[in-house]
Amino acid sequence: MSAACRYSCADCRYRTPRLPRERGARQLADHYCEKHADALPAGRAELVPTDLQAIRGCLLAALALVLFLLLAASCVHHIQSSPRPGAHVQEESWKQPTNTAC
Ligand SMILES: [Zn+2]
């Protein structure tokens, strides 16, 4: 899988669309020949993730979000089920009824 690049011209605001590296570099060179014939080609290349890489990144972010929600739900359940600090557990005394009839 090759990443796509977007090239920017150093002498104007021209930017190539997202293209494979070789095609983007050739398109920037063509731009220099057409618009800046007396200058040496210069600029910068911006690495742009392909759609598959972007989808993979979204899936990882969604997985991290689901794990975070599960952890948060587990913590909320634990807090609700544990006794509150300072709360006293009341013990009920139970006495076995005495059977005096016998
Ligand atoms: Zn230019």
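Quick notes on the rules
Residues numbered from 1 in each chain as written. Predicted model: local features only at pLDDT ≥ 70, side-chain atom pairs only at ≥ 80, totals over all residues. Helix = DSSP H or I, 4+ residues; strand = E, 2+ residues; numbered from the N terminus. Buried ≥ 20, exposed ≤ 12 C-beta atoms within 10 Å, placed from the backbone. Contact = placed C-beta atoms within 7 Å. Pairing = 2+ DSSP bridges. Axes fitted to C-alpha atoms, helices over the stretch in contact; angles between N-to-C directions. pLDDT = per-residue confidence, 0-100.

## Quick word on the overall build of the chain
So, point 1. Assigned secondary structure in the chain consists of two helices and three strands.
So, point 2. Mapped from its N terminus to its C terminus, the chain presents α and β elements in the order β-β-α-β-α.
So, point 3. Relative to its full complement of 102 residues, the chain shows a buried share of 5%.
So, point 4. Considering only contacts within the chain whose residues lie at least 6 apart along the sequence, 44% involve residues at least 24 apart.

## What to know about the sheet that holds strand 1 (residues 4-9)
So, point 1. Sheet architecture is open: three strands sit in the order 2-1-3, paired in antiparallel fashion. Looking at which strands have only one partner, the edges of the open sheet turn out to be strand 2 (19-20) and strand 3 (43-48).
So, point 2. Two elements, strand 1 and strand 2, share two bridges in a ladder whose sense is antiparallel. Bridge assignment links Ala4 to a residue of strand 2, and that residue is Pro20.
So, point 3. Relative to strand 1, helix 1 (residues 21-35) is tilted by about 15 degrees, and along the sheet it contacts strand 1, strand 2 and strand 3.

## Brief notes about the pairing of strand 1
So, point 1. Note that strand 1 and strand 3 share six bridges and pair antiparallel. Its bridge partner lying in strand 3, Ser8 is registered against Arg44.

## Description of the confidence of the model for the chain
So, point 1. Summarising the model, the chain shows a mean pLDDT of 82, and 78% of its residues fall at 70 or more.
So, point 2. In the model of the chain, helix 2 (residues 51-81) stands out as the element of lowest mean pLDDT, 82, in contrast to helix 1, which has the highest, 94.

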